[in-house]
Structure formats: structure tokens, C-alpha cells
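Listed below, chain by chain, are the residues.
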Amino acid sequence: MGPHAASRPLTLSEQADELEEKMMNELNDKIATKSALFNMGDGTLDYVGGAELQARNPGKYFLMGADPRLPKMPDKPTLIDFFKHRFVSMNHLLQSATLALKAGHDEKVVLACLLHDVGVAGFIRCDHGYWGAQLIEPYVDEEVSWAVRVHQALRFFPDETLGYKYPDMYVKYFGPDYKPEPYIVEEYKRARGHKYYMTARLICVNDIYAFDPDAKVNLDNFVDIIGRHFKQPKEGLGFDNTPSSHMWRTLMWPTRFL
Ligand SMILES: [Fe+2]
Ligand SMILES: [Fe+2]
């Protein structure tokens, strides 16, 4: 929330911000802060410095750990804990993985389907394949993370040999004239000849476009596959000093001041 002039009435969004800020303070005695990216999601480049924020919340310190508004995470969180307490769209992932399992695909393909949209589920939509791949890279076979990265590009290009067409849903979502950007086209061209092409393509084939309310899906069905193919660190995700540990920590504590 930005500083507002006292001379004009608060806009609705400023009122909402004030309310949110008030609620936050009543919920806990720490000040939770929104990162630049969260504000960009509202179309603003608002930034309120620490001193001003603290002046607005006299006697309070900044949150430097868990946000009490979010589900509590265990001290040594596992992938399953993130599924249960942080990922916002588990059903999509479970339905895709269930399709892959029923089709009899290799367990690595099933895991790739289960994890293909963790970028969206945990982070951000833009470039979700790249974010998701980076997040899981230290813990899975390179085939899985490569496929997660590249499915983002492959989705825009048909492969008739597998009956994969350009999704009708994309016409609906992006309009009939939408063309993927050059970096996506380049990614697709590189992927075509790659040894793991089929794994990434199978993510697209098993991806589902709409939530089926009658589908019976359960994370329990995938616990064994996760156990066999996801190298869960004994210290817990976030505390194991890998190139993506900080990403897991950010998911755990998205409103930490620093
Ligand atoms: Fe995706
Ligand atoms: Fe998906």
C-alpha cells in the first residue's frame, strides 16, 4: 500500500489495504510485508519503506518467519507437506498424474505429470515451466525436471503422432490470433530432437484442461512414486542447501521482511 494524500478520500483498494493491514495486526503482533511482486500483481509499483511501515504500526516488529494466516509447516517439510499446505491447485496436478498412471506410463512420466504445474501451484503463472523445473531440479531425475521446463513450450505446438492438437482452451483464453513468443518457439525447436522429448510431450497429452468434479483423485495414490523418485532431503525442503532451497523457503515464508 502506498502513501496516500490526506486531502482525498481513500480509494476502494486503499480501504481494502487498510482493512487488510488492520486484520493482519489483529491476527498477530508482527508486521507482515508484501513483496514488490505481490504489488505488481495489483498493477502497482508501490513500495513502502520499513521505517514508514513500522511508524504505521507502532511498537511492532516485522515478521521474520511463519505467517500465522497461512497453514503451519513442519520443521522439516517434505514435498507432501508443500502439496497439502502451500500448493493452491492440487487437483489439476493429481488429475494429470492419475491419467498418466492409468495410461500405464513410466513412473518418471507420472511424477513429471504430478509436478508439471508446481510453478503455477506454488509461485507464479509467468514462465511456470521454468520456475517449476528449477524448484524440483535438485531432487528429481533430469528427465523429470527437463520435461517440466519444456512442457510450457510444447503445449503450444501440436504433435499429430500422439493426437495432441493445439488446445481449444488456448483459443478461448488467448484469442485466435495469439502467437507464442520467439523464446517459446526456440524452446520448442530445441526440444523436438531431445532425448526426453516424449516425456515432456506426455505431460501435455495427460494435462487436463478443466477440473472434473467427479474425478476421484488422492495424493495417497502417489506417495510411493514420490518416495521412489523424489529425493526428499532429511533436513527438510528449504534447509538442505541446494540451488533451490531458497525457493522452498520463500514458499514457506512468503511475507518475511527479508
Ligand atoms: Fe503447465
Ligand atoms: Fe497443466
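The model shown is predicted, which means the values in this text are computed figures rather than measured ones.

Chemist: What exactly am I supposed to notice about the coordination of the iron ion (ligand 1) here?
Modeler: Expected angles at a metal are 109.5 degrees for tetrahedral coordination by four donors and either 90 or 180 degrees for octahedral coordination by six donors. Donor atoms from the polypeptide that bind the iron ion (ligand 1) are Asp 117 (OD), His 128 (NE2) and His 151 (NE2), placed at 2.2 Å. Mapping the donors of the iron ion (ligand 1) onto the primary sequence yields the spacing D-x10-H-x22-H. For the pair the iron ion (ligand 1) and the iron ion (ligand 2), the metal-to-metal distance amounts to 3.7 Å, and Asp 117 bridges them. Remark: His 151 occurs in helix α9 (residues 142-154) and His 128 occurs in helix α8 (residues 128-136); sequence separation between them is 23 residues. Comparing His 128 with His 151 shows no difference in burial state: the two are buried.

Chemist: Sorry if this is basic, but what is going on with the state of the cysteines here?
Modeler: A disulfide bridge is the covalent bond that connects two cysteines by way of their sulfur atoms. Tallied over the full model, the rule gives zero disulfides. Cys 204 supplies the cysteine sulfur nearest to Cys 126, a cysteine that is in no disulfide, at a spacing of 18 Å. Cys 204 takes part in no disulfide bond, and the closest cysteine sulfur to it belongs to Cys 113, at a distance of 9.1 Å. Judged by its relative accessible area of 1%, Cys 204 is buried.

Chemist: What exactly am I supposed to notice about the pattern of salt bridges here?
Modeler: Side-chain pairs of opposite charge can arise where the charged atoms are in close proximity. Overall, the coordinates contain 13 salt bridges when judged by the stated rule. A salt bridge links Lys 34 to Asp 42, with the shortest nitrogen-to-oxygen separation between them at 3.7 Å. Looking at Asp 42, the relative accessible area reads 54%, which means it is exposed. Between Arg 201 and Asp 159 there is a salt bridge; the shortest N-O distance is 3.8 Å. Of this pair, Arg 201 sits in helix α12 (residues 197-206) while Asp 159 sits in the loop between α9 and α10 (168-174), and the two are 42 residues apart along the sequence. Grouping residues by exposure puts Arg 201 and Asp 159 together as buried. Beyond isolated ion pairs, a larger network of salt bridges with shared partners links Lys 108, Asp 141 and Glu 143.

Chemist: How should I be thinking about the packing of α8 against α9 in this particular structure?
Modeler: How two helices pack is summed up by the angle between their axes together with the distance between the axes. For the pair α8 and α9, interaxial distance at closest approach is 7 Å and the crossing angle is 170 degrees. Relative to α9, the element α8 lies roughly antiparallel. The way α8 lies across α9 gives a crossing that is right-handed. For the pair formed by α8 and α9, the contact residues are His 128, Gly 129, Tyr 130, Gly 132, Ala 133, Gln 134 and Ile 136 on the first element and Val 144, Ser 145, Val 148, Arg 149, His 151 and Gln 152 on the second. Looking at the contact of α8 with α9, its residues break down into five nonpolar, seven polar and one charged.

Chemist: Help me understand the packing of aromatic side chains, please; the structure alone is not making it clear to me.
Modeler: One pair of aromatic rings is described through two measures. These are the centre distance and the angle between the planes. Taken as a whole and assessed by the stated rule, the structure comprises 18 aromatic pairs. On the basis of an interplanar angle of 35 degrees and a centroid distance of 6.4 Å, the ring pair of Phe 82 and Phe 87 is categorised as tilted. Members of the aromatic cluster, each reached through a chain of ring pairs, are Phe 82, Phe 83, Phe 87, Tyr 139, Phe 230 and Trp 248.

Chemist: How should the environment of Cys 113 be read in this particular structure?
Modeler: As for its placement among the helices and strands, Cys 113 is situated in helix α6 (residues 107-115). You can call Cys 113 buried: its relative accessible area is 0%. Distance from Cys 113 to Phe 82, taken between C-alpha atoms, is 16 Å for residues 31 residues apart in sequence. Sequence-distant contacts of Cys 113, that is, excluding residues within four places in its chain, are made with Leu 93, Ser 96, Ala 97, Ala 100, Leu 202, Ile 203 and Asn 206.

Cut-offs used in this document
Residues numbered from 1 in each chain as written. Chains lettered and ligands numbered in written order. Predicted model: local features only at pLDDT ≥ 70, side-chain atom pairs only at ≥ 80, totals over all residues. Heavy atoms only, no water. Donors = N, O, S within 2.8 Å, 3.2 Å for Na, K, Ca; no water. Helix = DSSP H or I, 4+ residues; strand = E, 2+ residues; numbered from the N terminus. Buried < 20%, exposed > 50% of the residue type's maximum accessible area, 1.4 Å probe, protein only. Disulfide = S-S within 2.5 Å. Salt bridge = Lys/Arg side-chain N within 4 Å of Asp/Glu carboxyl O. Axes fitted to C-alpha atoms, helices over the stretch in contact; angles between N-to-C directions. Parallel < 35°, antiparallel > 145°, perpendicular 65-115°, else oblique. Left-handed = near helix turned anticlockwise from the far one by under 90°. Contact = heavy atoms within 4.5 Å. Nonpolar A, V, L, I, M, F, W, Y, C, P; charged D, E, K, R; others polar. Phe/Tyr/Trp six-rings, centres within 6.5 Å; stacked < 30°, edge-to-face > 60°.

That's the geometry; what it means functionally is another story.
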